[in-house]
Amino acid sequence: QVQLVESGGGLAQADGSLRLSCAASGRAFSSFAMGWFRQAPGKEREHVGTISADGEATRYADSLKGRFTIFRDNAKKMVYLQMNSLKADDTATYYCAQSKWYWSTDDEIADFTSWGQGIQVTVSS
């Protein structure tokens, strides 16, 4: 079982940028896709994006394409979420998660077997 710890959250201004990091411990980090999800108060957890195990493929929620970028460093066991042009609607708790697949085009929460504790991002307008 991998353990995941997010960092880098906090308060940001609208139109600003923020980078979230997720540190993994445990074996086999580079064998599985990683995802980012978010959950705003009173809303369901939603998929932000996924990166393949080798970092060569990514996919994002349609509404976030062009603003958010996921990348990973397997040597450091890190995955990142770069968020640009932030909006107030991006305010949420953000989670990184490890998929049970090398790569997947499904965004099923059930496919992600390990989760971080979440980190708050607040965007002020």
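Please refer to the structure higher up on the page.
Quick look at the structure, then. (Residues numbered from 1 in each chain as written. Predicted model: local features only at pLDDT ≥ 70, side-chain atom pairs only at ≥ 80, totals over all residues. Heavy atoms only, no water.)

### Some details on the state of the cysteines
- If you walk through the whole model with that rule in mind, you get one disulfide.
- A sulfur-sulfur distance of 2.0 Å marks the disulfide that ties cysteine 22 to cysteine 96. Its S-S torsion of approximately 50° makes the covalent link between cysteine 22 and cysteine 96 right-handed. One end of the pair, cysteine 22, is in strand E3 (residues 18–25); the other, cysteine 96, is in strand E9 (residues 92–99), and 74 residues separate them in sequence. One exposure class covers both cysteine 22 and cysteine 96, and it is buried. (Disulfide = S-S within 2.5 Å. Helix = DSSP H or I, 4+ residues; strand = E, 2+ residues; numbered from the N terminus. Buried < 20%, exposed > 50% of the residue type's maximum accessible area, 1.4 Å probe, protein only.)

### As for the pattern of salt bridges
- Evaluated as defined, the whole model comprises six salt bridges.
- Close ionic contact of arginine 38 with aspartate 90 constitutes a salt bridge, the shortest N to O distance being 2.8 Å. Taken together, the positions of arginine 38 in strand E4 (residues 34–39) and aspartate 90 in the loop between strand E8 (78–83) and E9 put the pair 52 residues apart, joining distant regions of the chain. By the burial criterion, arginine 38 is buried, and aspartate 90 matches it. (Salt bridge = Lys/Arg side-chain N within 4 Å of Asp/Glu carboxyl O.)

### Side note on the packing of aromatic side chains
- Under the defined criterion, the tally for this structure stands at five aromatic pairs.
- Seen from their ring centres, phenylalanine 37 and tryptophan 115 are 4.9 Å apart, and the 50° between their planes marks the pair as tilted. Residue phenylalanine 37 is found in strand E4, and its partner tryptophan 115 is found in strand E10 (residues 112–115); the two are separated by 78 residues along the sequence.
- By relative accessible area, phenylalanine 37 is classed as buried at 0%.
- Through pairs of rings, three or more aromatic residues link up here, namely Phe37, Tyr95, Phe112 and Trp115.
- The ring of tyrosine 95 has arginine 45 lying over it, and the distance from NZ or CZ to the ring centre is 3.8 Å.
- Of note, arginine 45 hangs over the ring of tryptophan 115, and the distance from its end group to the ring centre comes to 4.9 Å. (Phe/Tyr/Trp six-rings, centres within 6.5 Å; stacked < 30°, edge-to-face > 60°. Lys NZ or Arg CZ within 6 Å of the ring centre and 35° of its normal.)

### Section: unusual backbone geometry
- With a phi angle near 75°, aspartate 15 is a residue other than glycine that sits in the positive phi range.
- Note that aspartate 15 resides in the loop between strand E2 (10–13) and E3.
- A positive phi angle is found at lysine 77, which is not glycine, with a value near 55°.
- Within the secondary structure, lysine 77 is located in the loop between strand E7 (68–73) and E8.

### Re the sheet that holds E3
- Taking strand neighbours across the sheet as the criterion, the four strands line up as E1-E3-E8-E7 in an open arrangement whose pairing is antiparallel. Edge positions in the sheet fall to strand E1 (3–7) and E7, since each of these pairs with one other strand and no more. For this sheet, the mean angle separating the axes of adjacent strands, direction not counted, is 20°.
- Across six bridges, the pairing between E3 and E8 is antiparallel. From the neighbouring strand, alanine 23 faces E8, where its bridge partner is methionine 78. (Pairing = 2+ DSSP bridges. Axes fitted to C-alpha atoms, helices over the stretch in contact; angles between N-to-C directions.)

Don't take any of this as a statement about function, it's just geometry.
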